[in-house]
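A closer look at the structure
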Amino acid sequence: MTESYYMTVNLIFSMFDSIFKKRVSESPKVFPNHCLSVDVHAHLLPQLDDGPADIEKSVEIIKEMYVMGYRKIILTPHVMSGYYNNAPEDILQSLHVLRSVLKRRNIAIELEAAAEYYLEEELFNLIEKREILTFGGEKKYLLFEASFITRPSYLLESAIRIKQAGYTPVLAHPERYVNLNDLEVINRLAFNGVLFQVNIGSLTGYYSKPAQDLAELLINKQLVAFLGTDCHSFAQLHSIKSAFKLNIFKDIEKLNLLNNSLLEKKKSIFA
Ligand SMILES: [Fe+2]
């Protein structure tokens, strides 16, 4: 065989390869109503929390999220002392492994890692030691959750402490806290710099009717900074897909969400 023969064969293979890659990366969106390219709350790192039990399950969910239109996912495993003692280096190591597997399988989705911190005194110890993973580069968005019956005053005090430490507090799924069902309380938190991340599934009543009502209220009042899947399993994607068909997603661009501002490639801040 001549050298030119090999060159021709290589050229044909590379043409097929680029056509295939183009098809994968430019496949039309299945849900035309929604334009979210970035998820900011997902429990998809295997074996770190109550998310996927193995890496194959993680890959299966992420592949489906790609089909749903996502191009970047911020992975946010729980950090809660005594239950989920995930240190930043464990999370980043797991991120590294998952990224490599996705790359090998040609799944063109960007992954970053942060965490969902449970609001407890240990969080402030971690802040003191700078052992915190955030997202959004210099914005240092710190995703946190609290007990579902938490007192609003405790939430406010804690958010102020987080802010004073140099982070931007992002309260995960505010619609799920029973004591936050009060616009005055919500406005006070927002006024003090708390950003709200609503779960997409809440819009379908996946969690409860009160959570659905509060999620709608927050959206109507333009108080939502981020929408997130809070995805733990493949099955949970059904409620997310149902939500994408809701009318609310037709006007999503008017909400000025920050999700897609994260598309630019920025590293997680380990500070
Ligand atoms: Fe979560």
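One can find the structure itself at the top, above this paragraph.
None of these values were measured; they are calculated from a predicted model.

What to know about the overall build of the chain
Regarding its fold elements, the chain presents eight helices and 11 strands. When the 271 residues of the chain are sorted by exposure, 49% land in the buried category.

Observations concerning the packing of aromatic side chains
Using the criterion set out here, one finds seven aromatic pairs in the structure. Ring geometry for Tyr141 versus Phe226: centroids 5.1 Å apart, planes at 80 degrees, classification edge-to-face. Placement of Tyr141 in strand S7 (residues 141–145) and of Phe226 in strand S10 (residues 226–228) is noted, with a sequence separation of 85 residues between them. Here the aromatic residues Tyr70, Phe244 and Phe249 are joined through ring pairs into a cluster of three or more. In this arrangement the basic side chain of Arg71 is found over the ring face of Tyr66, its NZ or CZ atom lying 3.8 Å from the centre. Over the ring of Phe124 we find Arg161, and its NZ or CZ is 3.8 Å from the ring centre.

A short note on the sheet that holds strand S2 (residues 72–75)
Strand order in the open sheet formed by three strands is S1-S2-S4, with parallel pairing between adjacent strands. Single-partner strands in this sheet number two, and they are strand S1 (38–42) and strand S4 (110–113). Direction aside, neighbouring strands of the sheet carry axes that sit 20 degrees apart on average. Note that S1 and S2 share three bridges and pair parallel. When the sheet's bridge partners are listed, Asp39 is paired in S2 with Ile73. Across the face of the sheet, helix H3 (residues 88–104) comes into contact with S2 and S4 while running at roughly 170 degrees to S4.

Points about the coordination of the iron ion
In the first shell of the iron ion, the protein supplies His41 (NE2), His43 (NE2), Glu116 (OE) and Asp230 (OD), at 2.1 to 2.3 Å from the metal. Each donor residue of the iron ion lies on one chain, and together they are spaced H-x1-H-x72-E-x113-D. On the criterion of sequence distance, the pair formed by His41 in strand S1 and Glu116 in strand S5 (residues 116–118) is long-range, its members being 75 residues apart. When sorted by exposure, His41 lands in the same class as Glu116, which is buried.

A closer look at helix H6 (residues 183–191)
All buried positions along H6 are accounted for by Val185, Ile186 and Leu189. Buried residues of H6, viewed axially, fall in a sector of 100 degrees; they line one side. Of the exposed residues in H6, the ones pointing more than 90 degrees away from its buried face are Glu184 and Phe191. Contacts made by the buried residues of H6 are with helix H5 (152–164), strand S9 (195–199) and helix H7 (209–220). Between the side-chain oxygen at the start of H6 and the backbone nitrogen of Glu184 there is a gap of 2.9 Å, and the oxygen is on Asp182. In the stretch just after H6, Gly193 is the one whose phi turns positive, near 95 degrees.

Thoughts on the environment of Glu122
Among the structural elements, Glu122 can be located in helix H4 (residues 121–129). Judged by its relative accessible area of 28%, Glu122 falls in the partly exposed class. Sequence-wise, Glu122 and Val79 are 43 residues apart; in three dimensions their C-alpha atoms are separated by 9.7 Å.

A short note on the sheet that holds S10
One open sheet accounts for six strands, arranged S3-S5-S7-S8-S9-S10; its pairing is parallel. Whereas interior strands pair on both sides, the edge strands pair on one side only; in this sheet they are strand S3 (78–79) and S10. As judged from the two bridges shared by S3 and S5, these two strands associate in the parallel manner. In the sheet register, Val79 faces S5, and the bridge partner there is Tyr117. In the packing of H5 onto the sheet, the strands contacted are S7 and strand S8 (168–172), and the crossing angle to S8 comes to about 140 degrees.

Focus on unusual backbone geometry
Notably, Asn106 is not glycine yet its phi reads approximately 60 degrees, a positive angle. Mapped onto the fold, Asn106 is located in the loop between H3 and S4. For Lys140, which is not glycine, the phi dihedral falls at a positive 50 degrees. Considering the arrangement of structural elements, one finds Lys140 in the loop between strand S6 (133–134) and S7. In this structure Lys140 comes out as buried when scored by relative accessible area, which is 19%.

Overview of the nonpolar core
Formed by 69 residues in total, the largest nonpolar core has its most connected members in Tyr117 and Leu227. Among residues more than four places away in sequence, those in contact with Leu227 are Leu36, Asp39, Val40, Gln197, Val198, Ile200, Ile219, Phe249, Ile252, Leu257 and Asn259. One finds Val40, Ile74, Phe135 and Phe226 within the second-largest nonpolar core, a separate group that totals 12 residues.

Rules behind the numbers
- Residues numbered from 1 in each chain as written.
- Predicted model: local features only at pLDDT ≥ 70, side-chain atom pairs only at ≥ 80, totals over all residues.
- Heavy atoms only, no water.
- Helix = DSSP H or I, 4+ residues; strand = E, 2+ residues; numbered from the N terminus.
- Buried < 20%, exposed > 50% of the residue type's maximum accessible area, 1.4 Å probe, protein only.
- Phe/Tyr/Trp six-rings, centres within 6.5 Å; stacked < 30°, edge-to-face > 60°.
- Lys NZ or Arg CZ within 6 Å of the ring centre and 35° of its normal.
- Pairing = 2+ DSSP bridges.
- Axes fitted to C-alpha atoms, helices over the stretch in contact; angles between N-to-C directions.
- Contact = heavy atoms within 4.5 Å.
- Donors = N, O, S within 2.8 Å, 3.2 Å for Na, K, Ca; no water.
- Arc of directions from axis to C-beta.
- Polar contact = N/O pair within 3.5 Å; in protein donor to acceptor, adjacent residues only side chain to side chain.
- Core = buried A, V, L, I, M, F, W, Y, C linked by side-chain atoms within 4.5 Å.

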